[in-house]
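Fold and contact review
Residue-level listing of the chains:
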Protein chains: 2
Amino acid sequence: MAAPRVYLAGPEVFLADAVALGEAKKAICARHGFEGCFPLDNALDLAGLTPHAAGCAISAANEALMRSCDLVIANITPFRGPGMDPGTAFEVGFMRALGRPVFCYTASPLPHTARVERWAAGTLRLRPGEGMEDADGLLVESFAMVENLMIDAAALASGGAVVVTSATEAAPDYRDLATFEACVRAAAVLPG
Amino acid sequence: MAAPRVYLAGPEVFLADAVALGEAKKAICARHGFEGCFPLDNALDLAGLTPHAAGCAISAANEALMRSCDLVIANITPFRGPGMDPGTAFEVGFMRALGRPVFCYTASPLPHTARVERWAAGTLRLRPGEGMEDADGLLVESFAMVENLMIDAAALASGGAVVVTSATEAAPDYRDLATFEACVRAAAVLPG
């Protein structure tokens, strides 16, 4: 039987050593019986395209790669603020709608509510009867989840999981392969 | 023929006047021949549930509501940082995977690259041959797009659009119904 194909979503594609990280993730996948598929695997000829057309070509290739995969393992480590990368969130929703199992992992040990509290740095205020809101008047979700409820709940409803680092370090480590591997292990016990 | 159903995605569900805003959006939809469906329309009995179980119930209802809709109009106004709300990004990806047209609008006049530059406040550095990266070593996307390329490109590939406010105000206005209505108008000219 062919190894299940895993779409490797996450903001590490933006790191300078993204290709090497993708190879490391694919090697971990292979050790656990999966074929890892990294967005940068797409061999695209973008020469001569405008930046906008190049972006559209990358998107089309990523969407096709997702459709070819059996599940997704998404790096939801906070990205430029308390929340995860929107591109990765898009991909989690995409795979969820296709009915594919969604696994997420994060290098931040803090749940959503605590991350927003830290980001807000004392500027949260009480919304009576509902909870806390930020300076823009936006309620802080407090569902005891790691991310926005659509993310955590999609993972669980799909038969997946959300794996949180066991480290106490609070700075985001987009190269956290230990938590990634724990997530791959969780996926490896999925019923065939 | 029944009016096409529009899933109204966006972080305004977190505002104190979210229900009134949802009603205002639904009225605008009706004026343009659509039936607007707002996540808070879901009548859920969450009494007695743990926060986590309540979050899962809200997610399941939102996913079912999305599946019942013909297209999505998503508010991608920046949320707690330079990027959009991850929950909304999830929903954009979800509807894209289902093949439904994706329309997005934003109350920020700034494209993605400019928003990240402003957020970084002078801390960006050059990655030779590739562009600028932030203090975490993450490349700043520069595809002349409004959001992460997966968002803009999904809207365009789906037959939708990304509508940007015509205002010059840079502070996010989650209650921007003028740009929302411009987006509804763009959706109203979709071929049947």
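The following paragraphs examine the structure supplied in this document.

What counts and how
Residues numbered from 1 in each chain as written. Chains lettered and ligands numbered in written order. Predicted model: local features only at pLDDT ≥ 70, side-chain atom pairs only at ≥ 80, totals over all residues. Heavy atoms only, no water. Helix = DSSP H or I, 4+ residues; strand = E, 2+ residues; numbered from the N terminus. Buried < 20%, exposed > 50% of the residue type's maximum accessible area, 1.4 Å probe, protein only. Contact = heavy atoms within 4.5 Å. Pairing = 2+ DSSP bridges. Axes fitted to C-alpha atoms, helices over the stretch in contact; angles between N-to-C directions. Parallel < 35°, antiparallel > 145°, perpendicular 65-115°, else oblique. Nonpolar A, V, L, I, M, F, W, Y, C, P; charged D, E, K, R; others polar. Phe/Tyr/Trp six-rings, centres within 6.5 Å; stacked < 30°, edge-to-face > 60°.

Examining the environment of Val164 of chain B
All names here are of chain B. Its location among the elements puts Val164 in strand S7 (residues 161-164). Using a relative accessible area of 34% as the deciding quantity, one classes Val164 as partly exposed. In this structure, the C-alpha to C-alpha distance between Val164 and Pro4, residues 160 residues apart in sequence, is 23 Å. Once residues lying within four places of it in the same chain are set aside, the contact partners of Val164 are Thr106, Ser108, Pro109, Val146 and Thr179.

Overview of the sheet that holds strand S4 (residues 102-106) of chain A
Residue and element names in this part refer to chain A. With parallel pairing, five strands are arranged side by side in an open sheet as S2-S1-S3-S4-S7. Of all strands in the sheet, those bounded by a partner on one side alone are strand S2 (35-37) and strand S7 (161-164). Each strand axis lies, on average, 20 degrees off the axis of its neighbour in the sheet, ignoring direction. Of the strand pairs in this sheet, strand S1 (residues 5-9) and S2 are connected by three bridges, and their pairing is parallel.

A short note on the environment of Ile58 of chain A
Along the chain, the position of Ile58 of chain A falls in helix H2 (residues 51-67). Once the C-alpha coordinates of Ile58 of chain A and Asn42 of chain A are considered, the two residues, 16 residues apart in sequence, prove to be 8.1 Å apart. The residues contacting Ile58 of chain A, other than those within four sequence positions of it, are Leu44 and Leu46 of chain A together with Phe143 and Leu149 of chain B.

Some details on the packing of helix H5 (residues 149-157) of chain A against helix H3 (residues 86-97) of chain B
At a minimum axis distance of 8 Å, the contact between H5 of chain A and H3 of chain B shows a crossing angle of 50 degrees. In terms of axis orientation, H5 of chain A runs oblique to H3 of chain B. On H3 of chain B, the residues that touch Met150, Ile151 and Ala154 of chain A of H5 of chain A are Pro86, Gly87, Phe90 and Glu91 of chain B. Broken down by class, the residue content of the contact of H5 of chain A with H3 of chain B amounts to five nonpolar, one polar and one charged.

Re the packing of aromatic side chains
Residue and element names in this part refer to chain B. Here the structure, examined in full by the defined rule, presents six aromatic pairs over all chains. Residues Phe14 and Phe79 carry aromatic rings whose centres are separated by 5.8 Å and whose planes lie at 35 degrees to one another, so their mutual orientation is tilted. Here the residue Phe14 occupies a position in the loop between strand S1 (5-9) and helix H1 (18-31), and Phe79 occupies one in the loop between strand S3 (71-75) and H3, the gap between them amounting to 65 residues. Judged by relative accessible area, Phe14 falls into the buried class, the value being 10%.

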